[in-house]
Amino acid sequence: MASTNPNNDTRSQVISTYHSHPKFICASCSAVLALQDELISKSFSGREGRGFLMHSAVNVKMGKKEDRPLLTGVHTVADIFCMGCNDRVGWYYHKASDLSQKYKEGKYLLEREKIVKENNWKLDE
């Protein structure tokens, strides 16, 4: 994960080494954002609908840290942006104020509307 200005051009830094693994990719530019194995939960809410809580993400850069009121209380988060196209694709949980929400710290929320599930199925020929 890069921690740079979200407006910088980072397309040349995109990692694309997960060829044989099911993954989530950016809906705008197809950069890999996370492996499907890293999925924790599909029952989260993002800014634009459903969100997926993930253990990790790749090819993202962080915006500014801020305290944001969310459905489960105030959290310290930073928006994350795709390194391939600079689209905002979700956020990173830095800190949760409520003890019951601490499990989110260090995790990523990917907006469902910003990602595509890619399965890497092989068809018999």
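Residues numbered from 1 in each chain as written. Predicted model: local features only at pLDDT ≥ 70, side-chain atom pairs only at ≥ 80, totals over all residues. Heavy atoms only, no water.

K.L.:
Residues and numbers for the overall build of the protein chain, please.
P.N.:
A tally of helices and strands in the protein chain yields zero helices and nine strands. When its helices and strands are written in sequence order, the protein chain yields β-β-β-β-β-β-β-β-β. Burial statistics for the protein chain: of 125 residues in total, 41% are counted as buried. In the protein chain, the proportion of contacts linking residues at least 24 apart, taken out of those at least 6 apart, comes to 50%. (Helix = DSSP H or I, 4+ residues; strand = E, 2+ residues; numbered from the N terminus. Buried < 20%, exposed > 50% of the residue type's maximum accessible area, 1.4 Å probe, protein only. Contact = heavy atoms within 4.5 Å.)

K.L.:
So what about the state of the cysteines? Which residues, and what values?
P.N.:
Formally, a disulfide is one covalent bond, and it connects the sulfur atom of one cysteine to the sulfur atom of another. All chains considered together, the criterion is met by zero disulfides. We note that Cys-29 lacks a disulfide partner, and the nearest cysteine sulfur, in Cys-82, lies 3.5 Å from it. (Disulfide = S-S within 2.5 Å.)

K.L.:
Quick one: what's the story with the sheet that holds strand β7 (residues 88-96), residue by residue and with numbers?
P.N.:
In spatial order, the strands read β3-β4-β8-β7-β6-β5; together these six strands make up an open sheet with antiparallel pairing. The sheet terminates laterally at β3 (39-46) and β5 (60-70), the two strands that pair on one side only. Direction aside, the axes of adjacent strands within the sheet are offset by 30 degrees on average. By the bridge criterion, seven bridges tie strand β6 (residues 73-82) to β7 in an arrangement that is antiparallel. What sits directly across from Ile-80, in β7, is Gly-90. (Pairing = 2+ DSSP bridges. Axes fitted to C-alpha atoms, helices over the stretch in contact; angles between N-to-C directions.)

K.L.:
I'd like a rundown of the nonpolar core, residues and numbers included.
P.N.:
With 18 residues, the main nonpolar core has Leu-33, Met-54, Val-60, Ile-80, Val-89, Tyr-108 and Leu-110 as its most contacted residues. Only β1 (23-26), β2 (32-35), β4 (49-54), β5, β6, β7 and β8 (108-111) provide two or more residues apiece to this core. Sort the elements by how many residues they give to this core and β6 lands first, with three residues. Core analysis: the next-biggest nonpolar cluster, separate from the first, contains six residues, Phe-44, Val-77, Tyr-93 and Leu-109 among them. (Core = buried A, V, L, I, M, F, W, Y, C linked by side-chain atoms within 4.5 Å.)

K.L.:
Before we move on, can you summarise the sheet that holds β2 with the specific residues and values?
P.N.:
Strand order in the open sheet made by the three strands is β2-β1-β9, with antiparallel pairing throughout. The sheet terminates laterally at β2 and β9 (115-118), the two strands that pair on one side only. Neighbouring strand axes in the sheet, compared pairwise and without regard to direction, differ in orientation by 30 degrees on average. Pairing of β1 with β9, which is carried by four bridges, proceeds in the antiparallel orientation. Bridge pairing in β9 links Phe-24 to Lys-117.

K.L.:
So what's going on with the pairing of β8? Which residues, and what values?
P.N.:
In β8, alternate side chains face the same way, and those of Tyr-108 and Leu-110 on one face and Leu-109 and Glu-111 on the other are all buried. Looking at chain direction, β7 and β8 are connected through three bridges and run antiparallel. The residue of β8 that forms the bridge with Tyr-92 is Tyr-108.

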